[in-house]
Amino acid sequence: RNREDVLTRGKIKLANTLAKNIDTKAMSVLETDADIQTMAASAVWTTAGTDIISDLGAAEELIETQDEGYDGFSGATLVLHTSMRDSLLNNTVLRNALPRESQNTVIGGEAVPFLGLKEIIYTPRITQTLALLIDTAVAGTVVDEVPDPQEGWSSFSADPSVDPVYVMVYDDKPPKDKILACGRWAGFFLTDPKAIVKITGVRV
């Protein structure tokens, strides 16, 4: 009946599932590599008065003092569990350090990047008690495996700057419906694990 909304919801769920699987693989690599630098948070970040800025400054210095050409203060990415978003928004030390014009962060739902951070990423795929500070320019890379075209996969990219995903349309069993499958076979590895700092104990 030309119910395009049903198809749209299905595509959104498919894309979210694909992103979930990719993020889970990425976090596994980032959390478990033995060569990643590790430090403990000074106190749990869920406490409003914890000096998160001081903790991140110390972590960025760990990256910079490796003397390997890492960016550190300029261009680093902070990765936190999604449940930590409100902790950053409610942190009194961070609020007081931000410019007056950015004090609407609680309304907007985003903490203005600070200490030279390029971005703050929240994901439910990271362990809740950890924070990762990453110089994403050099820390690692992603390699996508290309499926065999004989299996029926075709590449698709909505934008030339975005890596393609692979799609296949086939008949259901019994063949009353069409199935749209989507896949991406990504391999993650770290080239410079010292460009990453794992901060433990950011929450209980």
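Quick note: structure is the one above.
Residues numbered from 1 in each chain as written. Predicted model: local features only at pLDDT ≥ 70, side-chain atom pairs only at ≥ 80, totals over all residues. Heavy atoms only, no water.

Draft legend 1. Quick look at the nonpolar core. Judged by nonpolar contacts, the single largest core of 38 residues is most densely connected at Trp 45, Leu 56, Leu 78, Leu 88, Leu 133 and Ile 199. Elements that contribute at least two residues to this core include exactly α1 (4–32), α2 (52–64), β2 (76–81), α3 (85–90), β3 (117–123), β4 (130–134) and β10 (196–200). Residues contacting Ile 199, with those up to four places away along its chain left out, are Met 39, Ala 40, Ala 41, Trp 45, Leu 56, Ala 59, Thr 129, Leu 130 and Ala 131. (Core = buried A, V, L, I, M, F, W, Y, C linked by side-chain atoms within 4.5 Å. Buried < 20%, exposed > 50% of the residue type's maximum accessible area, 1.4 Å probe, protein only. Helix = DSSP H or I, 4+ residues; strand = E, 2+ residues; numbered from the N terminus. Contact = heavy atoms within 4.5 Å.)

Draft legend 2. Expanded view of the sheet that holds β3. On the basis of which strands lie adjacent, the open sheet formed by five strands has the order β1-β10-β4-β2-β3 and mixed pairing. Looking at which strands have only one partner, the edges of the open sheet turn out to be β1 (37–40) and β3. When strand polarity is set aside, the average angle formed by the axes of neighbouring strands in this sheet is 20 degrees. α1 contacts β2, β3, β4 and β10 of the sheet and is inclined by roughly 85 degrees relative to β4. Sitting on the sheet, α2 is in contact with β1, β2, β3, β4 and β10, with an inclination near 160 degrees to β1. (Pairing = 2+ DSSP bridges. Axes fitted to C-alpha atoms, helices over the stretch in contact; angles between N-to-C directions.)

Draft legend 3. Broad picture of the layout of surface pockets. Within this model, the largest pocket holds a volume of roughly 530 Å³. Together, 23 residues line the largest pocket, and Ala 26, Met 27, Leu 30, Ile 134 and Phe 188 are the ones closest to its centre. The biggest single contributor to the lining of the largest pocket is α1, with six residues. Split by residue class, the lining of the largest pocket holds 15 nonpolar, five polar and three charged. Roughly 350 Å³ of volume is contained in the second largest pocket. Along the walls of the second largest pocket sit 16 residues, with Ala 15, Leu 18, Phe 156, Val 165 and Cys 182 positioned nearest its centre. Elements with a minimum of two residues in the lining of the second largest pocket: α1, β7 (165–171) and β8 (178–183). The element that contributes the greatest number of residues to the lining of the second largest pocket is α1, accounting for six residues. (1 Å grid on protein atoms, 1.4 Å probe; cavity = no way out; pocket = protein on both sides within 12 Å on 5 of 7 lines; lining within 4 Å. Points joined across faces, edges and corners; volume = space filled by probe spheres on them. Nonpolar A, V, L, I, M, F, W, Y, C, P; charged D, E, K, R; others polar.)

Draft legend 4. Region of interest: unusual backbone geometry. Here the bond from Lys 173 into Pro 174 is cis, since omega is -5 degrees, no more than 30 degrees from zero. Backbone geometry places Leu 115, a non-glycine residue, at a positive phi of 55 degrees. Its place among the elements puts Leu 115 in the loop between α5 (105–108) and β3. Judged by relative accessible area, Leu 115 falls into the partly exposed class, the value being 27%.

Draft legend 5. Highlighting the environment of Pro 160. Its location among the elements puts Pro 160 in the loop between β6 (154–156) and β7. Taking the C-alpha atoms as reference points, Pro 160 and Trp 45, separated by 115 residues in sequence, lie 39 Å from one another.

Draft legend 6. Spotlight on the sheet that holds β8. Judged by pairing direction, the sheet is antiparallel, and its three strands sit side by side in the order β6-β7-β8 without closing on themselves. Each of the sheet's edge strands pairs with one partner strand only, and the pair in question is β6 and β8. The mean inter-strand angle of the sheet, taken between neighbouring strand axes irrespective of direction, is 35 degrees. Relative to β8, β7 runs antiparallel, the two being bridged by six bridges. Bridge pairing in β8 links Val 169 to Leu 180.

Draft legend 7. Examining the pattern of salt bridges more closely. On inspection of all chains with the given rule, the structure shows five salt bridges. Taking the shortest distance from any N to any O, the salt bridge between Asp 5 and Arg 3 comes out at 3.0 Å. With relative accessibility at 32%, the residue Asp 5 sits in the partly exposed group. Residues Arg 184 and Asp 144 are paired through a salt bridge, measuring 2.7 Å at the closest nitrogen-oxygen approach. With Arg 184 in the loop between β8 and β9 (185–190) and Asp 144 in strand β5 (residues 140–145), this pair connects stretches of sequence that are 40 residues apart. For Arg 184, a relative accessible area of 24% corresponds to the partly exposed category. (Salt bridge = Lys/Arg side-chain N within 4 Å of Asp/Glu carboxyl O.)

Draft legend 8. Fine view of α2. For α2, with 13 residues, the first-to-last C-alpha span of 18 Å sits near the 18 Å given by 1.5 Å per residue. Buried within α2 we find Ile 52, Asp 55, Leu 56, Gly 57, Ala 59, Glu 60 and Ile 63. Looking at the buried positions of α2, the neighbouring elements they touch are β1, β2, α3, β3, β4 and β10. (Expected span 1.5 Å × (residues − 1).)

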